[in-house]
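If you want the building blocks of each chain, they are given just below.
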Amino acid sequence: MTFQSGRHFLQIPGPTNVPDQVLRAISAPTIDHRGPEFAALTSELLDALKPVFGTSGPVIVFPGSGTGAWEAALVNTLSTGDRVLHVETGHFATLWQQMAAGLGLLVDFVPGDWRHGASPEAIADHLAADSARTIKAVCVVHNETSTGVTSRISEIRQAMDATGHPALLLVDTISSLGSIDYRHDEWGVDVTIAGSQKGLMLPPGLGFNAVSEKALAASRTARLRTSYWDWQPY
Ligand SMILES: Cc1ncc(COP(=O)(O)O)c(C=O)c1O
């Protein structure tokens, strides 16, 4: 049997170490999840989350990890057979596009060398070539945890807008939110995807989607296959 002296100290990109103040809050006795105290707390937290994402719009909280929040962003905005543009910035961008393909989306995967962030010019070139407007979303990882390389989201949005293409912009901030400057509204992001266990310094188990008006409108017609029992997880 191994004996561990002192406190276990995780030294990985995430989960990060949870501050004592948060650990103490978690140790409070359970409250009734159907009671008024819980409703008031939830509504307060939903409002308090908005500035964390830099948005005045809704932030949706899911029981799940960041991977679940990736999935939520795709299934709520897209339909089976839609084309999506993913950019190969590293390991997590690669996993995300595999999920998209597994869900029945047609993925254009812009190759990368795992040393550079997503190129606004390459994205704009792809969108400009899509004269039939079949690409419905551009998916970018803000901070590639596998390499530490960050993509310039504001410039990507500007490059997209310059082409006049209507694709949604979906951004994974799982390891950047709370750690690196991020502005959902100002940068014109449609869905910002996050998880609890990195920059927010909470335990794993919560996924987040901050959503724009345009993403909400897309969600009203999105019809992506939502039975996963028959596909192999990546
Ligand atoms: C950038 C990025 N995206 C997605 C994920 C997957 O998140 P999770 O492990 O919470 O499912 C991670 C996890 O490290 C990540 O760093």
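In this text the structure is predicted, and so the values were computed from the model without any measurement. (Residues numbered from 1 in each chain as written. Predicted model: local features only at pLDDT ≥ 70, side-chain atom pairs only at ≥ 80, totals over all residues. Heavy atoms only, no water.)

> Hey, could you run me through the side chain of asparagine 143 in this one?
As for its placement among the helices and strands, asparagine 143 is situated in strand β5 (residues 143–144). In this structure asparagine 143 comes out as buried when scored by relative accessible area, which is 12%. Engagement of the side chain of asparagine 143 in a polar contact is seen with the side chain of serine 175, the distance being 2.8 Å. For asparagine 143, the residues in contact, after removing those within four places along its chain, are Gly148, Val149, Thr150, Asp172, Ser175, Ser176 and Ile180. (Helix = DSSP H or I, 4+ residues; strand = E, 2+ residues; numbered from the N terminus. Buried < 20%, exposed > 50% of the residue type's maximum accessible area, 1.4 Å probe, protein only. Polar contact = N/O pair within 3.5 Å; in protein donor to acceptor, adjacent residues only side chain to side chain. Contact = heavy atoms within 4.5 Å.)

> Please explain the packing of helix α3 (residues 66–77) against helix α4 (residues 91–102) as it appears in this structure.
In a packed pair of helices, the relevant descriptors are the angle between the two axes and the axis-to-axis distance. Relative to each other, α3 and α4 sit at 45 degrees, their axes nearing to 10 Å. In terms of axis orientation, α3 runs oblique to α4. Read as a crossing pair, α3 and α4 show a hand that is right-handed. Here Thr67, Trp70, Glu71 and Leu74 of α3 come into contact with α4, specifically with Phe92, Leu95, Trp96, Met99 and Ala100. Residues that form the contact of α3 with α4 fall into these classes: seven nonpolar, one polar and one charged. (Axes fitted to C-alpha atoms, helices over the stretch in contact; angles between N-to-C directions. Parallel < 35°, antiparallel > 145°, perpendicular 65-115°, else oblique. Left-handed = near helix turned anticlockwise from the far one by under 90°. Nonpolar A, V, L, I, M, F, W, Y, C, P; charged D, E, K, R; others polar.)

> What should I look at first to understand the site of the ligand in this one?
If you check the shell around the ligand, you find Ser65, Gly66, Thr67, Trp70, Phe92, Val141, Asn143, Thr145, Asp172, Ile174, Gln197 and Lys198 and nothing else. Taking serine 65, its side chain carries an N or O atom lying 2.6 Å from an oxygen atom of the ligand. A distance of 2.5 Å is found between an oxygen atom of the ligand and a side-chain nitrogen or oxygen belonging to threonine 67. Considered on its own, the ligand offers 390 Å² of accessible surface; in the complex 86% of this is hidden by protein. With three residues, α3 is the single largest residue contributor to the shell around the ligand. Its residues assigned to classes, the shell around the ligand shows four nonpolar, six polar and two charged. (Near = heavy atom within 4 Å. Areas by Shrake-Rupley, 256 points an atom, 1.4 Å probe, with all protein chains shown as cover.)

> How should unusual backbone geometry be read in this particular structure?
Trans peptide bonds make up most of the peptide bonds, and negative phi angles are found at most residues other than glycine. The residue after glycine 14, namely proline 15, is reached through a cis peptide bond having omega 5 degrees. Structurally, proline 15 is set in the segment before α1 (20–26). Within the chain, arginine 133 stands out as a residue other than glycine whose phi angle is a positive 55 degrees. The exposure class assigned to arginine 133 is partly exposed, which follows from its relative accessible area of 28%. Positioned with a positive phi, methionine 201 is a non-glycine residue whose angle comes to about 55 degrees. As for its placement among the helices and strands, methionine 201 is situated in the loop between β8 (191–195) and β9 (206–211). For methionine 201, a relative accessible area of 36% gives the class partly exposed.

> What's the story with the sheet that holds β9 in this structure? I'm lost.
Adjacent strands of a sheet pair through backbone hydrogen bonds, lying either parallel or antiparallel. If you trace the seven strands from one edge of the open sheet to the other, you get β1-β9-β8-β7-β4-β2-β3, paired in mixed fashion. Looking along the sheet, the strands with just one partner apiece sit at the ends: β1 (59–63) and β3 (106–110). For this sheet the average axis-to-axis angle between neighbouring strands, irrespective of direction, equals 20 degrees. Summarising the sheet, β1 and β9 pair through five bridges and their orientation is antiparallel. Across the sheet, proline 63 pairs through a bridge with leucine 206, a residue of β9. Running over the sheet, helix α6 (residues 153–163) touches β4 (135–141) and β7 (168–172) and is turned about 165 degrees from β7. (Pairing = 2+ DSSP bridges.)

Everything listed here is a matter of geometry and, on its own, says nothing about what the molecule does.
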